[in-house]
Amino acid sequence: MRPRVRLSLGFLFLLAAGLWFLPYGLSSYAIHVANVIIVFAVLAVGLGLCMGVGGQVNLAQVAFFGVGAYATAILTTHAGLGFWLSAAIAVAATAATGLLVATPALRVQSHYLGIVTLGLALAFTNWVTNAQIAGGAEGISNIPVPTLPGVDLSSEYLYYYLELIIFALALAFGLFVVRTALGRRMRAMRDDALAAGALGADVPVLRMTAFLLASVYGGIGGVLYAGLIRYVAPESFSIANMFLLLAMVIIGGRQSLVGCVAGAVGLYLVRELLVDHPTFAQMGYGSVVVLVVVFAPTGLAGLPPRIRQAIARRRGRGRETAAQLAEFRPYPDLSEISLEGGDPLLSIDGITKQFRGLKALDDVSLSVPAGQIRGIVGPNGSGKTTLFNVVSGLYRPTAGRVRFAGADVTSRPPYRLSRAGMSRTFQNLRLFGDLTVRENILVALDRSRTLSSWRYLIAPLAIVRRDRDLRRRADEVLDRYGLTAFAALPPESLPYGTQRRVEIARAVACRPTLLLLDEPAAGLNGDEVRKLGEMVRSIRDTGVTVVLIEHNMGLVMNLCERITVLAGGKVIAEGTPAAVAATPAVIEAYLGDSMDLPSEVTS
Ligand code: ADP
Ligand code: MG
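These numbers come from a predicted model, not from an experiment.

**Student:** It is not clear to me how the overall build of the chain should be interpreted in this structure. Could you clarify?
**Tutor:** Along the backbone of the chain there are 25 helices and 10 strands. Overall, the C-alpha framework of the chain stretches about 90 × 55 × 45 Å when taken along its three principal axes. Across the 603 residues in the chain, those meeting the buried criterion constitute 50%. Long-range pairs, those at least 24 residues apart, make up 76% of the contacts in the chain with a sequence separation of at least 6. Just so you have it, the chain exposes about 27100 Å², and 63% of that area is on carbon and sulfur atoms.

As structure tokens, then:
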């Protein structure tokens, strides 16, 4: 066992022992506080998953908490159901509420999502304050004690253990999610939802899943709270408590579930100390939240890694440059078994894309047979990137159709196109900055559907096995592209040319049949461009069709079998490199121009 693993296991054991024996030293008031803190910790973990890990602003967590608690209260008192049956129904009802709250998330962007979810939280408080069934402002009392054979849960000392076990399971499950495929995908979405979509992450379902997780944790917190206090009233689920919860997550560190727990414990204790000065307390949380957001955006949990990074940077500047980019190892050549002839893999038919007054694409048609390397060239602003954006589903064309692999795919969402075998890179690099290089590749390798995430509950071992397999394959990809030395680094720390290579490796990790490369040679030096050429050719030799936007004419001329020239949003020529270079219209529109653009031709 590695010393670090042994150390953390030892620490975990000590912590567990400490928590187990904690009640022996606590007064009856202190154990009550401890029990409430655990409830908040469960809520904070749920909020951390949704907002910290998934990046979905969720101000309805306190409403989820309320639905869980009120449903338990209503079902046990009014309907006379047993506590645990009520609890199960309550959690299910909260999950349903979570999905309901998430529906706006399918449409609105994250800033508005905050307002929408806050509105829903307010509506909930309003409803419970006024509804007869919820007991109005007085709330509902006389919730029965949860029964457990042999254990008297009316004792808060024993209730503590019930909570502790449920909390430990909830935290472990959260950490399991974060460290495996689903969590990685959620983090990728938080970082760059557009790139995550282009890599096959079904973003709408993923956002739903984030809210579903938050709501289930909220529901569990609500059930525990109802069983603990045995009385529910609107003020426990107020907006003030929502902000307390938010402060816990932000101060503790929203990207670390353990940080969320630490925030919950710390802030609740502070609240206990300031219980006689509620106004100061609110102002205090507010100021601390602002300070944290400004000076430590990743929260207190984010500080140790940042300090470690800073020290490492100071100590070993040489270390980073010591990580060497290795050679790309070409794929085995499978080109005999491939392709050419037959139906085109990609055909674009009469695509027009209008941006208000500007026609970025004007009746563009072209078709690319399987196995070809097609170049797309044209002056800046001629619509090349827009064409990729239309083909890959980021833009909806104003007119025209796109056919891919025999199906009409016009305006299909990017994740479906990715699943169908289309993969792309971006002109301005869209690597996930909060993920390591290896994790960037892992997100692409994961071709599962987010809908199948229910397997996290049913078959966690299968998830672990699959993750191990993904990691093995990621290491193979990294090795092939000579990136092994960078596996654990964040992409931003790499030289630009290396980042470009990571993006190509990531795009190919999706196992595409069609690869769209948007100016892959931009910013590369001569040697890097030559290597890029070899890389693209080798990728094609595995049977992948490549469409390449490029300014570097040397690369285009020797790599592409056919070239399409765009100017002003129109196709002005198409043919073999030699034929295109000799076309008068091209010389006039583009190559003639290149007298003014020597940097682009030579770069
Ligand atoms: P290229 O990649 O060939 O350099 P682009 O496809 O990026 O060109 O852009 C073509 C034209 O469309 C440019 O004039 C650009 O300003 C415009 N354009 C591109 N995207 C948008 C957008 N989202 N909104 C408005 N105009 C856009
Ligand atoms: Mg462009």
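**Student:** What should I look at first to understand the sheet that holds strand E8 (residues 545–549) in this one?
**Tutor:** What holds strands together in a sheet is hydrogen bonding between their backbones, with the strands either parallel or antiparallel. A sheet is described by the order of its strands in space; here six strands give the open sequence E6-E7-E8-E3-E9-E10, paired in mixed fashion. If you trace the sheet from one side to the other, it starts and ends with strand E6 (422–424) and strand E10 (570–575), each paired once. With direction set aside, neighbouring strand axes in the sheet form an average angle of 20 degrees. Sheet analysis places strand E7 (residues 514–518) next to E8, joined by five bridges and oriented parallel. Looking at the pairing, Asp518 lines up with Ile549 of E8. Against the sheet, helix H20 (residues 496–509) engages E6 and E7, with an angle of about 160 degrees to E7. Relative to strand E3 (residues 373–377), helix H21 (residues 526–540) is tilted by about 135 degrees, and along the sheet it contacts E3, E7 and E8.

**Student:** When you look at the coordination of the magnesium ion (ligand 2) in this model, what are you seeing that I'm missing?
**Tutor:** Four donors placed tetrahedrally about a metal ideally form angles of 109.5 degrees, and six donors placed octahedrally ideally form angles of 90 or 180 degrees. All of the protein donors around the magnesium ion (ligand 2) are Thr385 (OG1) and Gln427 (OE1); their distances to the metal are 2.0 to 2.1 Å. With a gap of 42 residues between them, Thr385 in helix H15 (residues 384–391) and Gln427 in the loop between E6 and helix H17 (437–445) connect regions that are remote in the sequence. Among the residues examined, Thr385 registers a relative accessible area of 25% and is labelled partly exposed. You can call Gln427 partly exposed: its relative accessible area is 27%.

**Student:** What exactly am I supposed to notice about the pattern of salt bridges here?
**Tutor:** Note on pairing: side chains with opposite charge can pair once their charged atoms come close. Considering all chains together, one arrives at 24 salt bridges under this definition. As a salt-bridge pair, Asp467 and Arg184 come within 3.2 Å of each other at their nearest N and O atoms. One end of the pair, Asp467, is in helix H19 (residues 460–480); the other, Arg184, is in helix H7 (residues 181–191), and 283 residues separate them in sequence. For Arg184, a relative accessible area of 2% puts it in the buried group. Notably, a salt bridge pairs Lys570 with Asp362, separated by 3.0 Å at the nearest N-O pair. Here Lys570 is found in strand E10, whereas its partner Asp362 is found in strand E2 (residues 358–369), with 208 residues between them in sequence.

**Student:** What is the right way to look at the site of ligand 1 in this model?
**Tutor:** By nearness alone, every residue bordering ligand 1 is listed as Phe355, Leu358, Ala360, Pro379, Asn380, Gly381, Ser382, Gly383, Lys384, Thr385, Thr386 and Tyr395. In the model, an oxygen atom of ligand 1 is placed 2.8 Å from a nitrogen or oxygen of the Lys384 side chain. At 3.0 Å from a nitrogen atom of ligand 1 is found a side-chain nitrogen or oxygen belonging to Tyr395. Summarising the interface, the protein chains cover 63% of the accessible area of ligand 1, which totals 560 Å² for the free molecule. The biggest single contributor to the shell around ligand 1 is H15, with three residues. Tallied by class, residues from the shell around ligand 1 come to five nonpolar, six polar and one charged.

**Student:** Would you mind going over a nonpolar patch on the surface with me for this structure?
**Tutor:** Taken together, the side chains of Leu9, Phe11, Leu12, Leu15, Leu19 and Leu22 present a nonpolar region at the surface, about 540 Å² in accessible area. By the secondary structure assignment, Leu9 is in helix H1 (residues 3–21).

**Student:** Looking at this structure, how should I read the nonpolar core?
**Tutor:** General note: in soluble globular proteins, nonpolar side chains tend to be found buried as a group. One finds Phe237 and Tyr481 to be the most contacted residues of the largest nonpolar core, which totals 153 residues. Here the element with the most residues in this core is helix H2 (residues 28–53); it accounts for 18 residues. In terms of domain composition, this core takes at least three residues from each of domain 1 (18–306) and domain 2 (344–602). Other than its neighbours up to four places away in sequence, Phe237 contacts Val62, Phe65, Gly66, Ala69, Tyr70, Phe124, Thr125, Tyr225 and Val232.

**Student:** I would appreciate a short explanation of the pairing of E7 in the present structure.
**Tutor:** Of all the five residues making up E7, five are buried; the element is thus mostly covered by neighbouring parts of the structure. What you see with E7 is no split at all: Leu514, Leu516 and Asp518 on one side and Leu515 and Leu517 on the other are buried throughout. Pairing geometry for E6 and E7, over three bridges, is parallel. Across the sheet, Ser423 pairs through a bridge with Leu515, a residue of E7.

**Student:** Could you clarify how one ought to interpret the environment of Ala195 in this entry?
**Tutor:** You can see Ala195 is positioned in helix H8 (residues 193–198). Classification of Ala195 as buried rests on a relative accessible area of 1%. Counting along the chain gives 362 residues from Ala195 to Met557, while the straight-line C-alpha distance between them is 30 Å. Discounting residues that sit within four places of it in the chain, Ala195 has contacts with Phe426, Arg430, Phe432 and Arg506.

**Student:** I keep staring at H2 and nothing clicks. Help me out?
**Tutor:** Structural remark: α-helix, 3.6 residues per turn; residues separated by three or four positions point the same way. Across its 26 residues, H2 extends 36 Å between first and last C-alpha, which sits within 8% of the 38 Å expected from 1.5 Å per residue. In the structure, H2 departs most strongly from a straight axis at Leu47, where the bend amounts to approximately 30 degrees. Burial analysis of H2 places 22 of its 26 residues in the buried class, which makes it a mostly covered element. Looking one or two places after H2, you find Gly55, whose phi comes out positive at around 70 degrees.

**Student:** How should I be thinking about the environment of Ile89 in this particular structure?
**Tutor:** Structurally, Ile89 can be placed in helix H4 (residues 83–102). Look at Ile89 and you get partly exposed, because its relative accessible area is 37%. The sequence separation of Ile89 and Gly219 amounts to 130 residues, and the corresponding C-alpha distance is 9.8 Å. Not counting chain neighbours up to four residues away, the residues in contact with Ile89 comprise Leu75 and Leu81.

**Student:** Just checking my understanding: could you explain the domain arrangement of the chain for this structure?
**Tutor:** Size of an interface, as often reported, equals the accessible area lost when the parts are brought together. Along its sequence, the chain is organised into domain 1 (18–306) and domain 2 (344–602). The distance between the C-alpha centroids of domain 1 and domain 2 comes to 42 Å. Counting residues at the interface gives 29 residues for domain 1, matched by 33 residues for domain 2. The contact between domain 1 and domain 2 buries some 2600 Å² in all, and 60% of this surface belongs to carbon and sulfur atoms. Of all residues in domain 1, Arg184, Arg185 and Leu199 bury the most surface against domain 2, accounting for 27% of the area lost on that side. Put simply, domain 1 and domain 2 have five salt bridges between them. One can count 18 residue pairs in polar contact (both at pLDDT 80 or more) joining domain 1 with domain 2.

Definitions and cut-offs
Residues numbered from 1 in each chain as written. Chains lettered and ligands numbered in written order. Predicted model: local features only at pLDDT ≥ 70, side-chain atom pairs only at ≥ 80, totals over all residues. Heavy atoms only, no water. Helix = DSSP H or I, 4+ residues; strand = E, 2+ residues; numbered from the N terminus. Buried < 20%, exposed > 50% of the residue type's maximum accessible area, 1.4 Å probe, protein only. Contact = heavy atoms within 4.5 Å. Areas by Shrake-Rupley, 256 points an atom, 1.4 Å probe, with all protein chains shown as cover. Pairing = 2+ DSSP bridges. Axes fitted to C-alpha atoms, helices over the stretch in contact; angles between N-to-C directions. Donors = N, O, S within 2.8 Å, 3.2 Å for Na, K, Ca; no water. Salt bridge = Lys/Arg side-chain N within 4 Å of Asp/Glu carboxyl O. Near = heavy atom within 4 Å. Polar contact = N/O pair within 3.5 Å; in protein donor to acceptor, adjacent residues only side chain to side chain. Nonpolar A, V, L, I, M, F, W, Y, C, P; charged D, E, K, R; others polar. Patch = residues over 30% accessible without salt bridge, like charges linked within 9 Å, V, L, I, M, F, W, Y side chains within 5 Å. Core = buried A, V, L, I, M, F, W, Y, C linked by side-chain atoms within 4.5 Å. Domains from an automatic or database assignment. Expected span 1.5 Å × (residues − 1). Bend = angle between axes of the 7 residues up to and from the residue. Buried area = accessible area lost by both parts, 1.4 Å probe.

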